[in-house]
Amino acid sequence: MNPQAKLIFTLSLTLGTTLTISSNHWIMAWTGLEINTLAILPLISKSHHPRAIEAATKYFLVQAAASALVLFSSMTNAWHTGQWDITQLSHPTSCLILTVALAMKLGLVPFHFWFPEVLQGSSLIVGLLLSTLMKFPPITLLYLTSPSLKPSILTTMAILSAALGGWMGLNQTQTRKILAFSSISHLGWMAIIIAYSPKLALLNFYLYTLMTAAVFLSLNSIKALKLSTLMTTWTKTPSLNAILLLTLLSLAGLPPLTGFLPKWLIIQELTKQEVALAATIIALLSLLGLFFYLRLAYCATITLPPHTTNHMKQWYNTKPTNTMVAVLTTMSLMLLPISPIILAVV
């Protein structure tokens, strides 16, 4: 892709995200969402592969439908209350329609079907953008409107997302699809807590972004798109592969790694809010996710491929690892001990 065109699309993504997260008026927020959608489409379809074109088409159709629902919800609320302010969403029908629209934008169950397919049709870097940056504006809208939304609907969606995200990820062999189902599962944790403690949901999103970026960039460095490729990459970058194991365990939420912090705080908050049953169910469902992270880690570091001509060893990579990968990986592993400082800042 032309560097100038790539710069324009990247700047448009930044503009769209900034516009949505900083606006008080529904029309401005909707405009930001639309700019974001239109800026990411050329990046998804830049390879001109039929799967990439299909992914871009699916993404466009789902996001356009969700944006129309956001607009419909805000107009209905304005019609009944005379308010265009995002935080003044009070009409019950508008709240319900907005919940559906944001669930579609984020890829929450039962509106998750598009997400794994779109991620599979994109490159790893575009997949990273779709899993992190593109989720930020809808999460912000969810944060701003959380007092008006029904906790029962969000909790149901969250438990279904954690269940389906974990269950459907078990059988995958493509790393991008595994990370897509991982994203759906993590969104369940954000959705369950956003009605009770919106700041905790944002903290969860930030830490999820950090860990997912580390995994995506590591996989991009070793060019691993499927598990069979991952099995032979240990000869290329042994140290990065070893660290990838720990980053995946952090994403699974194992102590004493960073990923344990949001899960621990969310379960604690849910117990305080007297929804211990939901906390127990979602904690048990995270074991499904742990299984496929362990599977990824097993393929990356513990398994040796059969010594046949089908599995060519890759040349050892003498180039230093990207600094960004090093910083993100370190943060994905080391933030739990400084959790009091993080909580004081948030």
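Sequence order as written defines the numbering, with residues in each chain counted from 1. A pLDDT threshold of at least 70 governs which residues receive local features in this predicted model, and a stricter bar of 80 or more applies before side-chain atom pairs are shown or counted, although totals over entire chains, interfaces and linings include all residues. For side-chain calculations, the full set of non-hydrogen atoms in the structure is used, while hydrogens and water are omitted.

### Description of the UniProt feature "signal peptide" (unreviewed entry) in the protein chain
UniProt's entry tags residues 1-20 with the feature "signal peptide" (unreviewed entry), counted in the numbering of this structure. Strands are runs of DSSP state E lasting at least two residues, helices are runs of H or I lasting at least four, and both sets are numbered from the N terminus onward. The annotated region residues 1-20 carries 90% helix and 0% strand content, and the separation between its end C-alpha atoms amounts to 27 Å. UniProt positions are given in the numbering used here, feature names are shortened, and annotations may be inferred rather than shown by experiment.

### Topic: unusual backbone geometry
Note the cis peptide between Val-109 and Pro-110, where omega equals 10°. Position of Pro-110 among the secondary structure elements: in the loop between helix 4 (92-106) and helix 5 (114-120). Cis geometry is found at the peptide bond from Pro-255 to Pro-256, where omega equals 5°. Inspection of the secondary structure puts Pro-256 in the loop between helix 12 (238-252) and helix 13 (260-272). The phi torsion at Lys-223 lies on the positive side, around 55°, for a residue other than glycine.

### Looking at the environment of Met-190
Following the sequence through the fold, Met-190 ends up in helix 9 (residues 175-194). In this structure, the C-alpha to C-alpha distance between Met-190 and Lys-263, residues 73 residues apart in sequence, is 9.8 Å. In this description, contact between two residues means that some pair of their heavy atoms is separated by no more than 4.5 Å. Those residues within four positions of Met-190 in sequence are excluded, and the remaining contacts are Ile-139, Ala-201, Asn-204, Phe-205 and Tyr-208.

### Quick look at empty space enclosed by the protein
Throughout, the protein atoms alone are placed on a 1 Å grid, and a set of points is a cavity if a 1.4 Å probe fits but cannot get out or a pocket if it is open with protein on both sides within 12 Å along at least five of seven lines; lining residues have an atom within 4 Å of a point. Grid points are joined across faces, edges and corners, and a volume is the space filled by probe spheres set on the points. One pass over the full model with this rule turns up 3 cavities of 30 Å³ or more. In this structure, the largest cavity occupies an estimated 80 Å³ of space. Surrounding the largest cavity, 13 residues form its lining, Tyr-59, Gln-63, Lys-105, Met-134 and Pro-138 being those nearest its centre. For the lining of the largest cavity, the secondary structure elements donating two or more residues are helix 2 (26-44), helix 3 (50-81), helix 5 and helix 7 (136-145). It is helix 2 that provides the largest number of residues to the lining of the largest cavity, a total of 3 residues. Among the residues forming the lining of the largest cavity, the class breakdown is 8 nonpolar, 3 polar and 2 charged. Roughly 60 Å³ of internal volume is contained in the second largest cavity. Forming the boundary of the second largest cavity are Ser-182, Ser-185, His-186, Trp-189, Leu-251, Ala-252, Lys-263, Ser-286, Gly-289, Leu-290, Phe-292 and Tyr-293. Counting residues per element, the ones that place at least two in the lining of the second largest cavity are helix 9, helix 12 and helix 14 (276-302). Among the elements that make up the lining of the second largest cavity, the one with the highest residue count is helix 14 (5 residues). In the lining of the second largest cavity, the residues fall into 6 nonpolar, 5 polar and 1 charged. Gly counts as polar in this scheme, as do all residues outside two lists: the nonpolar Ala, Val, Leu, Ile, Met, Phe, Trp, Tyr, Cys and Pro, and the charged Asp, Glu, Lys and Arg.

### Regarding the packing of aromatic side chains
Any aromatic ring pair is given by two values, namely how distant the centres are and how the planes are angled relative to each other. Aromatic rings from Phe, Tyr and Trp, taking only the six-membered ring of Trp, are treated as a pair when their centres fall within 6.5 Å; an angle between ring planes under 30 degrees marks them as stacked, one over 60 as edge-to-face, and anything in between as tilted. Taken as a whole and judged by the stated rule, the model has 8 aromatic pairs. Relative to Trp-264, the ring of Phe-260 lies with its centre 6.1 Å away and its plane at 5°, an arrangement referred to as stacked. Taken as a pair, Phe-260 and Trp-264 lie in helix 13 at a separation of 4 residues, close to a single helical turn. Throughout this description, buried means an accessible area under 20% of the type-specific maximum (1.4 Å probe, protein chains only), exposed means over 50%, and partly exposed covers the range between. For Phe-260, a relative accessible area of 26% puts it in the partly exposed group. Ring geometry for Phe-292 and Tyr-293: centres 5.0 Å apart, planes at 50°, overall tilted. Relative accessible area serves as the criterion here: at 3%, Tyr-293 is assigned to the buried category.

### Looking at the pattern of salt bridges
Any Lys or Arg side-chain nitrogen found within 4 Å of a carboxyl oxygen on Asp or Glu counts as a salt bridge. All chains considered together, the criterion is met by 3 salt bridges. One salt bridge connects Glu-117 with Lys-58, and the closest N-O pair in it is separated by 3.9 Å. In this pair, Glu-117 is assigned in helix 5 and Lys-58 in helix 3, connecting sequence segments 59 residues apart. Looking at Lys-58, the relative accessible area reads 28%, which means it is partly exposed. Each member of the salt-bridge network shares a partner with another, and the members are Glu-54, Lys-58, Glu-117 and Lys-177.

### A short note on the domain arrangement of the protein chain
Segmentation into domains, and thus their bounds, comes from an automatic or database assignment. Taken as a whole, the protein chain is organised into domain 1 (1-128) and domain 2 (150-345). On a C-alpha basis, the centres of domain 1 and domain 2 stand 24 Å from each other. If you look at the interface, domain 1 gives 21 residues, while domain 2 gives 26 residues. Buried area: the accessible surface (1.4 Å probe) lost by two parts on joining, summed over both. Overall, the association of domain 1 and domain 2 removes approximately 2000 Å² of surface from exposure, summing both partners, and the carbon and sulfur fraction of that is 79%. When the buried surface of domain 1 facing domain 2 is broken down by residue, Val-109, Gln-120 and Leu-124 rank first, second and third, together holding 34% of it. The interface formed by domain 1 and domain 2 includes 1 salt bridge.

### Quick word on helix 12
Since there are 3.6 residues in each turn of an α-helix, residues three or four apart along the chain are aligned in direction. Each helix should span, by expectation, one fewer than its residue count multiplied by 1.5 Å. In this model, helix 12 (15 residues) spans 22 Å end to end at C-alpha, consistent with the 21 Å of a helix rising 1.5 Å per residue. Where helix 12 is concerned, the buried positions are Leu-240, Asn-241, Leu-244, Thr-247, Leu-248, Leu-249, Ser-250, Leu-251 and Ala-252. In the core, the buried residues of helix 12 are packed alongside helix 9, helix 10 (198-222), helix 11 (227-230), helix 13, helix 14 and helix 15 (323-334). Trailing helix 12 by a residue or two, Gly-253 shows a phi angle of about 95°, which is positive.

### Concerning a nonpolar patch on the surface
Here the term patch refers to residues with relative accessible area over 30% and no salt bridge, with like charges joined within 9 Å and nonpolar side chains (Val, Leu, Ile, Met, Phe, Trp, Tyr) within 5 Å. Areas reported here follow the Shrake-Rupley algorithm with a probe of radius 1.4 Å; residue values treat only the protein chains shown as occluding. Together, Ile-27, Met-75 and Trp-84 make up a nonpolar patch on the protein surface, roughly 250 Å² of accessible area in all. Of note, Ile-27 is situated in helix 2.

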